[in-house]
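Per-entry structural report
Chain residues, written in single-letter form:
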Amino acid sequence: MAKPKVFVSRVIPEEGLARVREATDATVWEDELPPPRDQLLSAIAGCDGVLTLLTDRVDDEFLDRAGPQLKVVSNFAVGFDNVDVAACTRRGVPVGNTPGVLTETTADLAWALLMAAARRLVEGDRYVRDGKWKTWGPMLLMGPDVHGATIGIVGFGRIGQAVARRAKGFGMRIVYHDLQRVPKAVEAEFDATFMTLEGLLAESDFVSLHTVLSPETKGLINAERLGWMKPTAVLVNTSRGPVVDSVALVDALRNGTIAAAALDVTDPEPLPADHPLVALDNCLVVPHIASASRATRGKMAAMAAANLLAGLRGERLPTPVNPEVYG
Ligand code: DGY
C-alpha cells in the first residue's frame, strides 16, 4: 500500500523526523530558511498530512491548495497563532501542537533573560571585549536586585507558573494577571496574588509576558501601559512579539519610561539588525530560542510526529488544539 504523502516544512530533530520518514512518503524542506509561500503552497498540494512550523501560515489558501484529502496539520510549537484553527475545523482537519514538553525550558530562558537584563550581563561582556575594563568600579554597571523584588506575570498558565516557581526560589513577591483567576490552591502554591493589569504593571519591578497571541493580546503592552510601569522596571517577553508594540517599546526604552527589556520574541520577527531596538544598550534580544534545549526540541519533534502519524491513521491526535473537530 502506498505510504501517505507528507510535507515537513523544515528539518526537525531525528526523534521525530526518523519516525515520519519511516511511516510516510515525506518531502522535507531542507533549507535553513522557511519555504517561500509559493513553494510551500506547491509542496503541500495533494498531501495527506503536513508538519508545519510557526513560520508557516496555515489559512484557507493553504488548505485549498493542500486539497480535501488533507487529514492533519501538526504544528511543531506549543503556540499556534500561525494556524487558522477555525478554518481547519470547518474542513474537519485536526490540528496538533506540542504543549507541556517545553514549559520548563521556556521558563529557564525567561529567567535567564530576566537575570541578564537586571544584572546587565550583555553590556558587561561587551565592555570587557571592547577593552574598557580598566579597574574595579564602585559605580560600574549597577542594576536592580532580583531577589526580594516584585515580579508581575502576565498569563499565568503552565509557563507563567514555571516562572513563578523560579521567582519563589529568589524570594520574590509574585503577582499575576490573566483573563481569570487560577484556583486558590495554585495561588497558594506560588504565594501569587491576582491583580488587574494596571495594578500589576504599576507595582512590578519585573514584568514577564506569557500570554498567547490573539486579537485581544495583540499590542497589549502599548505606550499607555508602558507608561503605567515603573521607570526602574524590566520587561521580559518570551510569548509572542506582537503582544508588545515595538514602536512604543523603543520610545519607552529611549525615554526612560522603563529601564530595560529582554526579548526572545519580537515584532517583526526576525528583527532586522538595523532595527532601533537592536541599537539600544538597555534592550537584550535573542532569536526566539526559549524552547531550544536539545532535549526539549527532541521531545517537541517526537510529539509533532506522533500527532502527524495519528492524524494520518485517522486516530485522535494526542494533543489536538481543536478537539471539537471530533464532534
Ligand atoms: C512555541 O512552541 O510556541 C515556541 O514559541 C517555540 O518553541
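Residue positions are given per chain, counted from 1 along the sequence in the order it is written. Owing to the predicted nature of the model, reporting of local features is limited to residues with pLDDT of at least 70; listing and counting of side-chain atom pairs is limited to 80 or more, with chain, interface and lining totals taken over all residues. Computation of side-chain values covers all heavy atoms of the structure but excludes hydrogens and water.

**A short note on the domain arrangement of the protein**
Those domain boundaries reflect an automatic or database domain assignment. Here the domain parsing of the protein yields domain 1 (5-101 + 294-326) and domain 2 (103-285). Using C-alpha coordinates to define each centre, domain 1 is positioned 31 Å away from domain 2. Between domain 1 and domain 2, the contact holds 8 residues from the first and 5 residues from the second. The junction of domain 1 with domain 2 conceals about 560 Å² of combined surface from both sides, 43% of it contributed by carbon and sulfur atoms. In what follows, salt bridge is the name for a side-chain nitrogen of Lys or Arg lying within 4 Å of a carboxyl oxygen of Asp or Glu. Seen at the junction of domain 1 and domain 2, the total is 1 salt bridge. R240 is paired through a salt bridge with D81; the nearest N and O atoms lie 2.9 Å apart. Counted as a polar contact is a pair of N or O atoms within 3.5 Å, where, for protein atoms, one must be capable of donating a hydrogen and the other of accepting one, and residues adjacent in sequence contribute only when both atoms are in side chains. At the surface where domain 1 touches domain 2, the tally comes to 3 residue pairs in polar contact (both at pLDDT 80 or more). Residue contacts are defined here by distance: any two heavy atoms, one from each residue, within 4.5 Å place the two residues in contact. Summed over both partners, buried area is the accessible surface (1.4 Å probe) that two parts give up on being assembled.

**Quick word on the sheet that holds strand β11 (residues 260-263)**
DSSP calls a pair of strands paired once it identifies at least 2 bridges connecting them. Put simply, DSSP marks the helices as runs of H or I at least four residues long and the strands as runs of E at least two long, and each gets a number from the N terminus on. A sheet is described by the order of its strands in space; here 7 strands give the open sequence β8-β7-β6-β9-β10-β11-β12, paired in parallel fashion. The open sheet terminates on both sides in strands that have one partner only, identified here as β8 (192-194) and β12 (283-285). Adjacent strand axes in the sheet meet at a mean angle of 20°, parallel and antiparallel pairs treated alike. Looking at chain direction, strand β9 (residues 206-209) and strand β10 (residues 234-237) are connected through 4 bridges and run parallel. Across the sheet, L209 pairs through a bridge with N237, a residue of β10. In this analysis an axis means a line fitted to C-alpha atoms, helices contributing only their contacting stretch, and an angle means the value between N-to-C directions, from 0 to 180 degrees.

**Points about the pattern of salt bridges**
Under the defined criterion, the tally for this structure stands at 18 salt bridges. Salt bridges linked by common partners bring R37, R57, D59 and E61 together as one network.

**Details of the packing of helix α5 (residues 103-118) against helix α7 (residues 158-169)**
Direction vectors running N to C along α5 and α7 enclose 55°, while the axes themselves pass 8 Å from each other. The angle between α5 and α7 falls in the class oblique. As for how α5 packs across α7, the hand of that crossing is right-handed. Listed contacts from α7 to T103, E104, T106, A107, D108, A110 and W111 of α5 are R158, I159, A162, V163, R165, R166 and A167. Note on residue classes: Ala, Val, Leu, Ile, Met, Phe, Trp, Tyr, Cys and Pro are nonpolar, Asp, Glu, Lys and Arg are charged, and everything else, Gly too, is polar. Of the residues belonging to the contact of α5 with α7, the class tally is 7 nonpolar, 2 polar and 5 charged. Any angle between 65 and 115 degrees counts as roughly perpendicular, while under 35 counts as roughly parallel, over 145 as roughly antiparallel, and the rest as oblique. Helix crossings are classified by the rotation of the near helix relative to the far one: an anticlockwise turn of less than a right angle makes the crossing left-handed, while a clockwise turn makes it right-handed.

**Some words on the pairing of β10**
Of the two faces of β10, the one holding V234 and V236 and the one holding L235 and N237 are both buried throughout. Sheet topology note: the β10/β11 ladder contains 4 bridges and is parallel. Residue V234 lies in a different strand from β11, and its bridge partner there is A260. Assessed by its sense of winding, the connection that carries the chain from β10 through helix α11 (residues 246-255) to β11 is right-handed. Partly exposed describes any residue whose relative accessible area lies between the buried limit of under 20% and the exposed limit of over 50%, with all areas from a 1.4 Å probe on protein chains only and scaled to the type maximum. If you view a crossover with the strands going away from you and the path from the first strand over the helix to the second runs clockwise, you call it right-handed.

**Observations regarding the side chain of S9**
For S9, the position within the fold is in the loop between β1 (5-8) and α1 (14-23). Residue S9 is classed as buried on the basis of its relative accessible area, which comes to 1%. Among the polar contacts made by the side chain of S9, one reaches the side chain of D56 at a distance of 2.5 Å. Not counting the four nearest positions on each side in its chain, S9 is found in contact with W29, P35, L51, T52, L53 and D56.

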